[in-house]
Amino acid sequence: MKKLLLTGFEPFLDFPINPTNQIVEELKGKELNGYRIEGRILSVDYNKSGREVLEHIDDVEPDAVISLGLAAGRHKITPERIAINCNESNEKDNEGNTPDGEPIQNEGPDGLFSTLPIKSFVEVLQSQGYPAEVSNSAGTYLCNHVMYQALYHFHANHLKIPSGFIHIPASHELAVQHGKLPSWSQKDLTDAVKHIVQLLP
Ligand code: PCA
């Protein structure tokens, strides 16, 4: 059976829970669309998360990679189109790092496109009644970092393994604790990811 590496992130900044964590916990070990789902949670740390995702790729030997991250404030599911070769944040990661525009990979291209069928993801989500839209920027925080690191690994090693990143809105549970975020039910977030997995080649 094929394997899907599905990653989420630990909580960060003033978000006491990360709904990607719950999605991964719920889906790991399940079989969908001919894929067994290998779930892993990544650190919100510029010095660790890239290495972690590469270690998981080595360990799992996946046939596809989908990384999930919280985009607090967005109200749609947003598959990301591109990762850029840049670490920058005024806000601290969980270890206090605030990089100032350094490249992620010195020899890497400026940008790497998602190799997931992002338009089909949006179409299927909308047809199932979930608001969705392609995003043209994953930012320069950890989500962009992890997306770039995985895509760069496959690009540099000439491996044709579909890989990319999907930002999701806050869950109701997070929104209640935080106070100022648009939100979805945790069940809808998880179900939306299941629809996405059904479209993997
Ligand atoms: N979202 C952050 C990092 C961790 C997460 O879940 C981001 O969008 O970069």
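From a predicted model like this one, the values you see are computed outputs, not experimental measurements.

Peer 1: Is there a simple way to think about the site of the ligand in this case?
Peer 2: Around the ligand sit Phe9, Phe12, Asn18, Val44, Gly69, Leu70, Tyr141, Leu142, Cys143 and His167, and that is every residue in its neighbourhood. Between the ligand and leucine 142, the relevant distance is 3.4 Å, taken from an oxygen atom to a main-chain nitrogen or oxygen of the residue. Here an oxygen atom of the ligand and a backbone polar atom of cysteine 143 are 2.9 Å apart. For the ligand, the accessible surface in isolation is 260 Å², of which the surrounding protein chains cover 94%. Elements with a contribution of two residues or more to the shell around the ligand: strand 4 (64-70) and helix 4 (142-156). Considered class by class, the residues forming the shell around the ligand number seven nonpolar, three polar and no charged.

Peer 1: Can you help me understand unusual backbone geometry in this one?
Peer 2: Most of the time, phi is negative for any residue but glycine, and the peptide bond is trans. Unlike most non-glycine residues, asparagine 33 shows phi in positive territory, near 55 degrees. Structurally, the position occupied by asparagine 33 is in the loop between strand 2 (31-32) and strand 3 (35-42). When its relative accessible area of 30% is taken as the criterion, asparagine 33 is described as partly exposed. The phi dihedral of histidine 158 falls on the positive side, at around 55 degrees, and the residue is not glycine.

Peer 1: Quick question: what am I supposed to make of the UniProt feature "active site" (unreviewed entry) in the protein here?
Peer 2: UniProt records the feature "active site" (unreviewed entry) for Glu80 in the present numbering. Inspection of the secondary structure puts glutamate 80 in the loop between strand 5 (78-79) and strand 6 (82-84). Using a relative accessible area of 0% as the deciding quantity, one classes glutamate 80 as buried. Discounting residues that sit within four places of it in the chain, glutamate 80 has contacts with Arg74, Ser114, Ile118, Ser135, Asn136, Ser137, Ala138, Met147, Phe165 and His167. A distance of 3.2 Å separates the side chain of glutamate 80 from the backbone nitrogen of alanine 138, its partner in a polar contact.

Peer 1: What's the story with the sheet that holds strand 4 in this structure? I'm lost.
Peer 2: Neighbouring strands of a sheet are bound in pairs by backbone hydrogen bonds; such pairs are parallel or else antiparallel. Read across the open sheet, the six strands follow the order 2-3-1-4-10-5; overall the sheet is mixed. Looking at which strands have only one partner, the edges of the open sheet turn out to be strand 2 and strand 5. Alignment of strand 1 (residues 2-9) against strand 3, held across eight bridges, turns out to be parallel. In the sheet register, leucine 6 faces strand 3, and the bridge partner there is glycine 39. In the packing of helix 1 (residues 19-27) onto the sheet, contacts are made with strand 1, strand 3, strand 4 and strand 10 (163-168), and the angle to strand 1 comes to roughly 150 degrees.

Peer 1: In this structure, what is going on with the pairing of strand 3? I would like to understand it.
Peer 2: Each regular strand shows side chains that alternate between the opposite faces of the sheet. Counting buried positions along strand 3 yields six of eight residues, so the element is predominantly enclosed. Note that strand 2 and strand 3 share two bridges and pair antiparallel. Looking at the pairing, leucine 32 lines up with tyrosine 35 of strand 3. Here strand 2 folds back onto strand 3, and the loop between the two strands holds two residues, one of which, asparagine 33, carries a positive phi near 55 degrees.

Peer 1: What am I meant to see in helix 6 (residues 186-197) here?
Peer 2: Helical geometry note: an α-helix holds 3.6 residues per turn, so side chains three or four residues apart project in the same direction. The end-to-end C-alpha distance of helix 6 is 17 Å, a good match for the 16 Å that twelve residues give at a rise of 1.5 Å each. Taken residue by residue, helix 6 has Gln186, Leu189, Thr190, Asp191, Ala192, Val193, Ile196 and Val197 as its buried positions.

Peer 1: Before we go on, may I ask you to explain the pattern of salt bridges in this structure?
Peer 2: In a structure, side chains of opposite charge can pair up when their charged atoms sit close to one another. One pass over the structure, following the stated rule, counts nine salt bridges. A salt bridge links glutamate 38 to arginine 36; its shortest N-O distance comes to 2.5 Å. Across the pair arginine 40 and glutamate 38 runs a salt bridge, and its minimum N-O distance is 3.3 Å. Across the pair, glutamate 38 and arginine 40 agree in class, each one buried. Each of the salt bridges in this network shares a partner with another, and the network as a whole consists of Arg36, Glu38, Arg40 and Asp59.

What counts and how
Residues numbered from 1 in each chain as written. Predicted model: local features only at pLDDT ≥ 70, side-chain atom pairs only at ≥ 80, totals over all residues. Heavy atoms only, no water. Near = heavy atom within 4 Å. Polar contact = N/O pair within 3.5 Å; in protein donor to acceptor, adjacent residues only side chain to side chain. Areas by Shrake-Rupley, 256 points an atom, 1.4 Å probe, with all protein chains shown as cover. Helix = DSSP H or I, 4+ residues; strand = E, 2+ residues; numbered from the N terminus. Nonpolar A, V, L, I, M, F, W, Y, C, P; charged D, E, K, R; others polar. Buried < 20%, exposed > 50% of the residue type's maximum accessible area, 1.4 Å probe, protein only. UniProt positions renumbered as here; feature names shortened; annotations may be inferred. Contact = heavy atoms within 4.5 Å. Pairing = 2+ DSSP bridges. Axes fitted to C-alpha atoms, helices over the stretch in contact; angles between N-to-C directions. Expected span 1.5 Å × (residues − 1). Salt bridge = Lys/Arg side-chain N within 4 Å of Asp/Glu carboxyl O.

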